[in-house]
Number of protein chains: 2
Amino acid sequence: MATTGRRLRADAERSVRTILEAAERLLSENPGATMEQIAEAAGVARTTVHRRFASREALVETMATSAWQEIDDAVDAARPYTAPPLVAMHQATANVVQIKSGWRFALGTLPPPGEEATRIHDAVMAKCDAVFARALEAGLLRPGTDPRWARQVYLALISEAVHHSPTTAQPQAADDPDALATLIIDTLLYGLAPRRPGPPAVQDTPGVDLPAGHDRS
Amino acid sequence: MATTGRRLRADAERSVRTILEAAERLLSENPGATMEQIAEAAGVARTTVHRRFASREALVETMATSAWQEIDDAVDAARPYTAPPLVAMHQATANVVQIKSGWRFALGTLPPPGEEATRIHDAVMAKCDAVFARALEAGLLRPGTDPRWARQVYLALISEAVHHSPTTAQPQAADDPDALATLIIDTLLYGLAPRRPGPPAVQDTPGVDLPAGHDRS
DNA sequence: GCTATCTGCTACATCACTGTTGCGGATAAA
DNA sequence: TTTATCCGCAACAGTGATGTAGCAGATAGC
């Protein structure tokens, strides 16, 4: 009985948020979690969940839509069409990593076709491709690189970085989005082999001011 | 009513194989597929599936165990402790990619703890780490590289490569395991930035004879 | 050919999850 | 204070999947 256009009362709006957060928490650890469990984790009755979301499917779709909306905004904030490619990549990556760590489930599987989330998803992918095209043009990527492979690898690195818990090296890299972004971009562009002097790293790029201390060389 | 120690009749053994293959096919596209659907895809009655596998859980675990067993064998075949690190990596990668493309579901999520599959999984990971340690020692990896990050990236690249359908560039890379392995290892070590002359690629390493034409420079 | 085994089929029992309804009490908003 | 809205609770219906049991016909293996 959700999706009514009427304005919600303040406490109801709070319930919706609490449910969404609890659902994310539960489903990210167990995608088969029950509405009952979600309700319990949110501290509300099961019927209240059904009051706000017509079905389990509707709940999941709402999560996906708002998560992808956040991602879209985060990418836009990096000015993907105007900022220098490397800068845009770094900034977008840092933003996205932060959001993705809070929406692990909602962003884990791509939304089913026909939903609003899919539209946003496609838009984000288009922006991603645009940045990569500009990077290729700027000589950051090897000519002839398969653009689909580049995007696949990039997205995979982001996912891995989100699940990358800190241990020995890169001590502060876990919670610092800029450090994670540097790790991702560096790995994407230069891999794990020993570095030879030559190309500029993100930090050396003019016009980018990052807090010092992230250079992991 | 499965897991009985008795020797199965030939036709029963065939049934088991057919069911496992059908289950892999179905579940890789829809992890929530029904026992009914699996049975139908295998061309047997639902009760027959239950006759061979006590429960859905048991079926999935059997799949995981045999899949990971194949992976383990494939890694061993690359002689991870004795072959030159780069050779071992390439060979193991090529072998694993082939197997993984046939066990997408069974190898998709790591097996639940306490199962036989977990034991094999851990053994494989140990071998993986060993190869990476040898690679680091041999100067293939940058000193100070977080070993967990290296493994994460490597495994992610394998997963992506399996799902990497062919289009424009790398035309034959889709079905040729050696080409895919080259793509994975090159991306892992050197990334996507323009290559500068210097380190040897896999194909240039003495002692490795690969079919020509995989150099994607 | 004989026998143990395997299979399809039908029927049944159970269970978990989903989704709905209605009511009385609480609470936000005016 | 008044009122519309929200919530917890209890009860119920429907659905779909899982797992079991027994029987009659087919088939592999000796």
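Quick notes on the rules
Residues numbered from 1 in each chain as written. Chains lettered and ligands numbered in written order. Predicted model: local features only at pLDDT ≥ 70, side-chain atom pairs only at ≥ 80, totals over all residues. Heavy atoms only, no water. Helix = DSSP H or I, 4+ residues; strand = E, 2+ residues; numbered from the N terminus. Contact = heavy atoms within 4.5 Å. Areas by Shrake-Rupley, 256 points an atom, 1.4 Å probe, with all protein chains shown as cover. Near = heavy atom within 4 Å. Polar contact = N/O pair within 3.5 Å; in protein donor to acceptor, adjacent residues only side chain to side chain. Nonpolar A, V, L, I, M, F, W, Y, C, P; charged D, E, K, R; others polar. UniProt positions renumbered as here; feature names shortened; annotations may be inferred. Axes fitted to C-alpha atoms, helices over the stretch in contact; angles between N-to-C directions. Parallel < 35°, antiparallel > 145°, perpendicular 65-115°, else oblique. pLDDT = per-residue confidence, 0-100. Expected span 1.5 Å × (residues − 1). Buried < 20%, exposed > 50% of the residue type's maximum accessible area, 1.4 Å probe, protein only. Left-handed = near helix turned anticlockwise from the far one by under 90°. Core = buried A, V, L, I, M, F, W, Y, C linked by side-chain atoms within 4.5 Å. Salt bridge = Lys/Arg side-chain N within 4 Å of Asp/Glu carboxyl O.

1. Description of the overall build of chain A
Tallying secondary structure elements over chain A gives eight helices and zero strands in all. Order of helices (α) and strands (β) in chain A, N terminus to C terminus: α-α-α-α-α-α-α-α. Taking contacts inside chain A between residues at least 6 apart in sequence as the whole, the part at least 24 apart equals 69%. Entry remark: accessible area of chain A is about 11,000 Å², with carbon and sulfur atoms responsible for 54%.

2. Comments concerning the protein's contact with DNA strand C
Neighbouring residues of DNA strand C: 24 residues in total, closest Arg46 of chain A together with Arg9, Ser15, Thr48 and Arg52 of chain B. Among the atoms of DNA strand C lying within 4 Å of the protein, the sugar-phosphate backbone contributes 57%. With respect to DNA strand C, the backbone of alanine 45 of chain B contributes an N or O atom lying 3.1 Å from a phosphate oxygen. Looking at the surface near DNA strand C, the elements that each hand over two or more residues are α1 (10–29) and α3 (46–52) of chain A together with α1 (10–29) and α3 (46–52) of chain B. Of all the elements, α3 of chain B adds the most residues to the surface near DNA strand C, at four residues. Residue composition of the surface near DNA strand C, grouped by class: seven nonpolar, eight polar and nine charged.

3. Observations regarding the protein's contact with DNA strand D
Around DNA strand D there are 23 residues in total, and Arg9, Ser15, Thr48, Arg51 and Arg52 of chain A lie nearest to it. Put simply, the parts of the chain that give the surface near DNA strand D at least two residues each are α1 and α3 of chain A together with α1 and α3 of chain B. At four residues, α3 of chain A tops the list of elements feeding residues into the surface near DNA strand D. Residue classes in the surface near DNA strand D are distributed as six nonpolar, eight polar and nine charged.

4. Side note on the UniProt feature "DNA-binding region" (unreviewed entry) in chain A
The UniProt feature table records "DNA-binding region" (unreviewed entry) at residues 34–53 of chain A. The distance from the first to the last C-alpha atom of residues 34–53 of chain A is 14 Å, and the span holds 75% helix and 0% strand.

5. Considering the packing of α1 of chain A against helix α4 (residues 56–76) of chain A
All names here are of chain A. Here α1 crosses α4 at 95°, and the two axes come no closer than 11 Å. With respect to α4, the axis of α1 lies roughly perpendicular. Each of Ile19, Leu20, Ala23, Glu24 and Leu27 in α1 lies in contact with α4, whose residues at this interface are Arg56, Leu59, Thr62 and Met63. Looking at side-chain class alone, the contact of α1 with α4 contains six nonpolar, one polar and two charged residues.

6. Regarding the confidence of the model for chain A
Summarising the model, chain A shows a mean pLDDT of 88, and 84% of its residues fall at 70 or more. In this model, residues 203–217 of chain A is a region of pLDDT below 50 whose contacts with residues beyond four sequence positions or in other chains number 21 contacts.

7. A short note on helix α7 (residues 147–162) of chain B
When the terminal C-alpha atoms of α7 of chain B are compared, their 23 Å separation across 16 residues agrees well with the 22 Å that a helix rising 1.5 Å per residue should span. Every buried residue belonging to α7 of chain B is among Trp149, Ala150, Gln152, Val153, Tyr154, Ala156, Leu157, Ile158, Glu160, Ala161 and Val162 of chain B, and all of these are buried. Those residues of α7 of chain B that are buried lie in contact with α7 (147–162) and α8 (177–190) of chain A together with α5 (85–102), α6 (116–137) and α8 (177–190) of chain B. Capping the start of α7 of chain B is the job of one residue whose side-chain oxygen sits 2.9 Å from the backbone nitrogen of arginine 148 of chain B: aspartate 146 of chain B.

8. Structural notes on the packing of α1 of chain A against helix α2 (residues 35–42) of chain A
Axes are the key here: two packed helices are described by the angle between their axes and the distance separating the axes. All names here are of chain A. Packing of α1 against α2 brings their axes to within 8 Å, and their N-to-C directions diverge by 120°. One element, α1, and the other, α2, form an angle in the oblique class. In this structure, α1 meets α2 at a crossing whose hand is right-handed. Contact residues: Thr18, Ile19, Ala22, Ala23, Arg25, Leu26 and Leu27 in α1; Gln37, Ile38, Ala41 and Ala42 in α2. Here the residues of the contact of α1 with α2 sort into eight nonpolar, two polar and one charged.

9. Some remarks on the nonpolar core
When a protein is soluble and globular, its nonpolar side chains tend to lie buried together. Formed by 112 residues in total, the largest nonpolar core has its most connected members in Leu59 and Met63 of chain A together with Leu59 and Met63 of chain B. With residues near it in sequence (within four places) discarded, leucine 59 of chain A still touches Ile19, Leu20, Ala23, Met35, Ile38 and Phe53 of chain A.

10. Remarks on the pattern of salt bridges
Residue and element names in this part refer to chain A. This model, assessed by the stated rule, comprises 16 salt bridges over all chains. In this structure, the salt-bridge partner of arginine 148 is aspartate 146, at a minimum N-O distance of 3.6 Å. Take aspartate 146: its relative accessible area is 2%, and that puts it in the buried class. Linked by salt bridges that have partners in common, Asp72, Asp76 and Lys127 make up one network.

11. Observations concerning the environment of alanine 74 of chain A
Residue and element names in this part refer to chain A. Looking at the element boundaries, alanine 74 is found in helix α4. A C-alpha to C-alpha distance of 6.5 Å links alanine 74 and alanine 92, two positions 18 residues apart in sequence. For alanine 74, the residues in contact, after removing those within four places along its chain, are Asn95 and Ile99.

12. As for unusual backbone geometry
Note: most residues except glycine have negative phi, and most peptide bonds are trans. At arginine 79 of chain A, a position not held by glycine, the phi torsion is positive, near 50°. Within the secondary structure, arginine 79 of chain A sits in the loop between α4 and α5 (85–102).

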